[in-house]
Amino acid sequence: MIYRPSSGAQVNKPQKRQNQKGRSIRMSLDSLLDHGLPFNPALNQESRNSLAEKTHEPTLEVRSVPKANITQQDVLMFLRTLPAESIDLIITDPAYSGMNQHLLLGRGRIVGNYQEKGENRWFEEFHDTPENYGQFLSECKRVLKNDRHLFLMFDSFSMLSLGAMVRDFFNVKNIITWDKVNIGMGHYFRRQTEFILFASKGKRPVTRRDIPDIWKIKRLYRASYPTQKPVELFEAMVASSKAKSDTDFVVCDPFVGSGSSAIAALRQGSHFVGCDTSEIAVSLSRKRVDAFLKTGMDIEQEKPAFDEAIQKKFW
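Below you will find a few notes about this structure.

Criteria and thresholds
- Residues numbered from 1 in each chain as written.
- Predicted model: local features only at pLDDT ≥ 70, side-chain atom pairs only at ≥ 80, totals over all residues.
- Heavy atoms only, no water.
- Helix = DSSP H or I, 4+ residues; strand = E, 2+ residues; numbered from the N terminus.
- Buried < 20%, exposed > 50% of the residue type's maximum accessible area, 1.4 Å probe, protein only.
- Areas by Shrake-Rupley, 256 points an atom, 1.4 Å probe, with all protein chains shown as cover.
- Salt bridge = Lys/Arg side-chain N within 4 Å of Asp/Glu carboxyl O.
- Pairing = 2+ DSSP bridges.
- Contact = heavy atoms within 4.5 Å.
- Phe/Tyr/Trp six-rings, centres within 6.5 Å; stacked < 30°, edge-to-face > 60°.
- Expected span 1.5 Å × (residues − 1).
- Polar contact = N/O pair within 3.5 Å; in protein donor to acceptor, adjacent residues only side chain to side chain.
- Axes fitted to C-alpha atoms, helices over the stretch in contact; angles between N-to-C directions.

Structural notes on the overall build of the protein chain
Thinking step 1. What the protein chain contains, in helices and strands, is 9 helices and 10 strands.
Thinking step 2. Relative to its full complement of 315 residues, the protein chain shows a buried share of 50%.
Thinking step 3. With the model as given, the accessible surface of the protein chain reaches about 16,200 Å², and the carbon-plus-sulfur share is 50%.

Have a look at this one:
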């Protein structure tokens, strides 16, 4: 997949009056992004040149080229480092423990033997007790700006055990079904779907009126990361929330995993901040994002997962 940043960059002109709180949030978040992954100077200069030709204005403050910052940190600790009301959109796929730890279904290829503790695994699961999940949702609400969206992925078990808690913090608007097109593994019934809970903090419409609540996007096979999701899945989330008029739009994923959400945000011209506790995940996602910003290529998903012969593209 090849990506080229849009040349329709905008210059951020200083506001005559600026709320001090908003200013400190912007500065703090800018600092985080400025210490993120480097982007290709050639691509940045191309955007600057295009801007200068179109606006005839100075380009020193151009922020058209997206930035990304991915850190290795516990989800709650990471969210607590972010300024209040600094994030425009949260999209995430938590590594829920409920299905594995409560059902005790035996041994799986992703997290090892579910009945044994302390085993070296791909990643540590998020211990999704009601207490932990309540703290997580509370921090998500704190960092999310008013009138903004949240997309939370769920497996069937966690949807039943934790999904209702989201209503205590956000306005739940819908549940989206991700149809993976191809059947997967499973106990009792083989799984072909997962769920995405769509909620808002305040009021905010989606960007289009023809978006279905079933997204037919193919699952990935033989990916480098065991729970890697297709970029198009997260890209649909970003595109349905980010208006064309939005500038300096910041997407957050506190369970970044393979970095698919980061690539989706960058494709949609957004900045990205995220974390993961796994050293493997952070290393992989950083390399993936760095390569994407330098070359426009996604080194972890070379083929598209969306087929317009199956469903009309809605982003």
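Structural notes on the pattern of salt bridges
Thinking step 1. The final tally for this structure, using the stated rule, is 10 salt bridges.
Thinking step 2. Of the charged contacts in the structure, one is a salt bridge between Arg 204 and Asp 246, with a shortest N-O distance of 2.8 Å. Of this pair, Arg 204 sits in the loop between strand 7 (193-201) and strand 8 (214-216) while Asp 246 sits in the loop between helix 7 (231-241) and strand 9 (250-253), placing them 42 residues apart in sequence.
Thinking step 3. Judged by its relative accessible area of 19%, Asp 246 falls in the buried class.
Thinking step 4. Connected through shared salt-bridge partners, Asp 88, Lys 145 and Arg 148 make up one network.

Overview of the pairing of strand 10 (residues 271-276)
Thinking step 1. Of all 6 residues in strand 10, 6 are buried; the element is thus mostly enclosed.
Thinking step 2. As paired strands, strand 1 (residues 68-72) and strand 10 are joined by 5 bridges and run parallel to one another. If you follow Gln 72 over to strand 10, its bridge partner there is Asp 276.
Thinking step 3. Both strand 9 and strand 10 contribute to a ladder of 4 bridges, which runs parallel. Bridge pairing in strand 10 links Val 251 to Phe 272.

Quick word on the pairing of strand 2 (residues 87-92)
Thinking step 1. Of all 6 residues in strand 2, 6 are buried, a share of seventy percent or more.
Thinking step 2. Note: strand 2 against strand 5 (residues 144-154), 5 bridges, orientation parallel. Across the sheet, residue Ile 90 finds its bridge partner in strand 5, namely Leu 150.
Thinking step 3. Two elements, strand 2 and strand 9, share 2 bridges in a ladder whose sense is parallel. Directly across from Leu 89, in strand 9, lies its bridge partner Val 251.

A look at the side chain of Lys 229
Thinking step 1. On the secondary structure map, Lys 229 appears in the loop between strand 8 and helix 7.
Thinking step 2. Among the residues examined, Lys 229 registers a relative accessible area of 9% and is labelled buried.
Thinking step 3. Every residue in contact with Lys 229, bar those within four places of it in the chain, is listed here: Asp 93, Met 153, Trp 178, Glu 194, Leu 220, Phe 234, Ser 260 and Gln 301.

Some points on the packing of aromatic side chains
Thinking step 1. Within the structure shown, the criterion is met by 7 aromatic pairs.
Thinking step 2. A ring pair is formed by Tyr 133 and Phe 136, whose centres lie 5.6 Å apart and whose planes are at 45°; its orientation type is tilted. Placement of the pair is Tyr 133 and Phe 136 together in helix 5 (residues 130-143), with a separation of 3 residues, close to one helical turn.
Thinking step 3. Ring pairs connect the aromatic residues Tyr 133, Phe 136, Phe 154 and Phe 255, which therefore count as one cluster.

Quick look at helix 9 (residues 279-295)
Thinking step 1. Relative to the 24 Å expected for 17 residues at 1.5 Å per residue, helix 9 spans 24 Å between its end C-alpha atoms, a close match to the ideal helical length.
Thinking step 2. Among the residues of helix 9, those classed as buried are Ala 281, Val 282, Leu 284, Ser 285, Arg 288, Val 289, Asp 290, Ala 291, Phe 292 and Leu 293.
Thinking step 3. Two or three places before Ile 280, at the start of helix 9, stands the capping residue Ser 278, its side-chain oxygen 3.2 Å from that residue's backbone nitrogen.
Thinking step 4. Remark: Gly 296 follows helix 9 within two positions and exhibits a positive phi of approximately 80°.

So, the environment of Met 237
Thinking step 1. Structurally, Met 237 is set in helix 7.
Thinking step 2. When the C-alpha atoms of Met 237 and Phe 198 are compared, they prove to be 9.2 Å apart, with 39 residues separating the residues in sequence.
Thinking step 3. Those residues in contact with Met 237 that lie beyond four places of it in its chain are Leu 89, Ile 91, Phe 151, Met 153, Ile 196 and Trp 215.

Structural notes on the sheet that holds strand 2
Backbone-to-backbone hydrogen bonds pair the strands of a sheet. The strands run either parallel or antiparallel.
Thinking step 1. One open sheet accounts for 8 strands, arranged 1-10-9-2-5-7-6-8; its pairing is mixed. The sheet is open, and its two borders are formed by strand 1 and strand 8, each paired with just one other strand. The mean angle between the axes of side-by-side strands here comes to 20°, regardless of whether they run parallel or antiparallel.
Thinking step 2. Contacting strand 1 and strand 10, helix 9 runs over the sheet at an angle of about 165° to strand 1.

In short, shape yes, function no, at least from these values alone.
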